[in-house]
Amino acid sequence: MNQRLRTRSDWLDEYHQGVRYGLLGNLILEETSPFQKITIFESKRYGKALLLDDCWMTAEKSEKCYHECLIHPALSCSTQIDNILIIGGGDGGSARECLKYKEVKSIDLVEIDLRVIELSKKYLPTIGGNAWSDSRLHLQIKNGIDWVKNAKENSYDVIIIDGADPIGPSKELFSNSFLTDCKRILKRGGVLATQSESPESFRQIHINIVKVLREIFDYADPMYGSVSIYPSGLWSWTFASMGKPKYMNPKKSRVNEISKNCQIWSERWQQGAFNIIPAFIERELAKT
Ligand code: SPD
């Protein structure tokens, strides 16, 4: 029998600008929370996966390509890493990566949608792993925009923004006002890290967020890597800091502490990932 035809009905696709990005597998669950549509899908290639509003968020066997890249340039480089704020990140992967560092004393994980946490714990338990039971992790089921607005000045050493694409509840996470509040609550010497979409399939959004961060912070630079389940496969994370580009120089002791436990991230990988900025993006960012 023709294998391609036989399995056709089991494809789940994210549609974006006339292109579809799909995985073969079985639908496990679909529900609508007060905030968004949530889907759990068991894919043959990458294991169980989470989609929000029909967009791929994470999958058991590809999540490290995303979470390691978002977390380690910030945590290996920030002056201190005692107090961390994660906005979003309800699947637990970002918290798990932060908790690899003994220096981390406390993480506030502010997730707007409790169902994302509940379903991630139930269907994707390997992504959060031991983070869910680590006493350093404090779950706050709240709106991240309000949390940042109300937080005291200089309250966090590192801020991680692990949101979805800028539609639905994540739209504000790309705004000037939210990111200005983030700067206010970030300690000097600290690093802000955000997922910043694809320079190919979300080109203008990508350019805009780097420009906005450069207006607010003294330094902001995008870093590039591959997340095969996301539109185009080419993804970016952007890091920002004051005084100097703190995120460029990992501390040796922290590199030694975590690098054996990483699949993608290493000091060498990080250096290359900042340097592979596409030429047209560099030119766009240079324009005022
Ligand atoms: N297009 C997908 C962008 C999603 C970024 N966040 C994923 C959440 C993983 N913790």
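As recorded by an unreviewed UniProt entry, the protein carries the name Polyamine aminopropyltransferase and is attributed to Prochlorococcus marinus XMU1408. Regarding the protein, the relevant UniProt record gives this comment under Pathway (unreviewed entry): "Amine and polyamine biosynthesis; spermidine biosynthesis; spermidine from putrescine: step 1/1." Under Catalytic activity (unreviewed entry), UniProt gives the following word-for-word description of the protein: "S-adenosyl 3-(methylsulfanyl)propylamine + putrescine = S-methyl-5'-thioadenosine + spermidine + H(+)".

S.K.: Describe the sheet that holds strand β1 (residues 11-16), with residues and values.
M.R.: Taken in spatial order, the five strands make up an open sheet running β1-β2-β3-β4-β5, and their pairing is antiparallel. Of all the strands in the sheet, just β1 and β5 (55-59) have a single pairing partner and so form its edges. For this sheet the average axis-to-axis angle between neighbouring strands, irrespective of direction, equals 50 degrees. Direction of pairing for strand β3 (residues 37-43) relative to strand β4 (residues 47-52): antiparallel, over a ladder of six bridges. Paired with Thr 39 across the strands is Leu 51, a residue of β4.

S.K.: Talk me through the UniProt feature "binding site: S-methyl-5'-thioadenosine" (unreviewed entry) in the protein; I want residue IDs and the actual numbers.
M.R.: The sites that UniProt annotates as "binding site: S-methyl-5'-thioadenosine" (unreviewed entry) are Gln 36, Glu 111, Asn 143, Gly 144 and Pro 169. Residues within four places of Glu 111 in sequence aside, it is in contact with Gly 88, Gly 89, Gly 90, Val 116, Ile 117, Gln 140, Ile 141 and Lys 142. At 3.0 Å, the side chain of Glu 111 and the backbone nitrogen of Asp 113 are in polar contact. On the basis of relative accessible area, Asn 143 is assigned to the partly exposed category, the value being 29%. Polar contacts involving the side chain of Asn 143 include one to the main-chain amide nitrogen of Ile 145, which spans 2.7 Å.

S.K.: Lay out the domain arrangement of the protein in plain terms, naming residues and giving numbers.
M.R.: When cut into domains, the protein gives domain 1 (5-59) and domain 2 (64-286). For domain 1 versus domain 2, the separation of C-alpha centres amounts to 24 Å. If you look at the interface, domain 1 gives 23 residues, while domain 2 gives 21 residues. Of the roughly 2,100 Å² buried at the junction of domain 1 and domain 2 (both faces included), carbon and sulfur atoms supply 68%.

S.K.: Outline the pairing of strand β2 (residues 19-32), supporting the account with residue identities and numerical values.
M.R.: In the sheet, β1 pairs with β2 via six bridges, with the strands oriented antiparallel. Counted as the bridge partner of His 16 is Val 19 from β2. The turn linking β1 back onto β2 is made up of two residues, and Gln 17 within it adopts a positive phi angle of 50 degrees. Looking at chain direction, β2 and β3 are connected through seven bridges and run antiparallel. Bridged to Glu 30 within β3 is Thr 39. Where β2 folds back onto β3 in an antiparallel hairpin, the turn is made up of four residues.

S.K.: I'd love a proper account of the UniProt feature "binding site: spermidine" (unreviewed entry) in the protein, names of residues and values included.
M.R.: As recorded in UniProt, the sites labelled "binding site: spermidine" (unreviewed entry) are His 67 and Asp 91. On the basis of their most widely separated C-alpha atoms, the annotated residues across 25 residues gather in one place, lying no more than 10.5 Å apart. Within the fold, His 67 resides in helix α2 (residues 64-75). His 67 gets classed as buried once you look at its relative accessible area, which sits at 1%. His 67 has contacts with Thr 58, Asp 91, Gly 93, Ser 94, Arg 96, Glu 97, Ile 127 and Asp 162, leaving out every residue within four places of it along the chain. Relative to the assigned elements, Asp 91 resides in the loop between β6 (83-88) and α3 (93-98). Residue classification places Asp 91 among the buried positions, given a relative accessible area of 8%. Residue contacts for Asp 91: discarding those within four places in its chain leaves Thr 58, His 67, Val 116, Ser 120, Ile 127, Gly 128 and Trp 132.

Basis of the calculations
Residues numbered from 1 in each chain as written. Predicted model: local features only at pLDDT ≥ 70, side-chain atom pairs only at ≥ 80, totals over all residues. Heavy atoms only, no water. UniProt positions renumbered as here; feature names shortened; annotations may be inferred. Pairing = 2+ DSSP bridges. Helix = DSSP H or I, 4+ residues; strand = E, 2+ residues; numbered from the N terminus. Axes fitted to C-alpha atoms, helices over the stretch in contact; angles between N-to-C directions. Contact = heavy atoms within 4.5 Å. Polar contact = N/O pair within 3.5 Å; in protein donor to acceptor, adjacent residues only side chain to side chain. Buried < 20%, exposed > 50% of the residue type's maximum accessible area, 1.4 Å probe, protein only. Domains from an automatic or database assignment. Buried area = accessible area lost by both parts, 1.4 Å probe.

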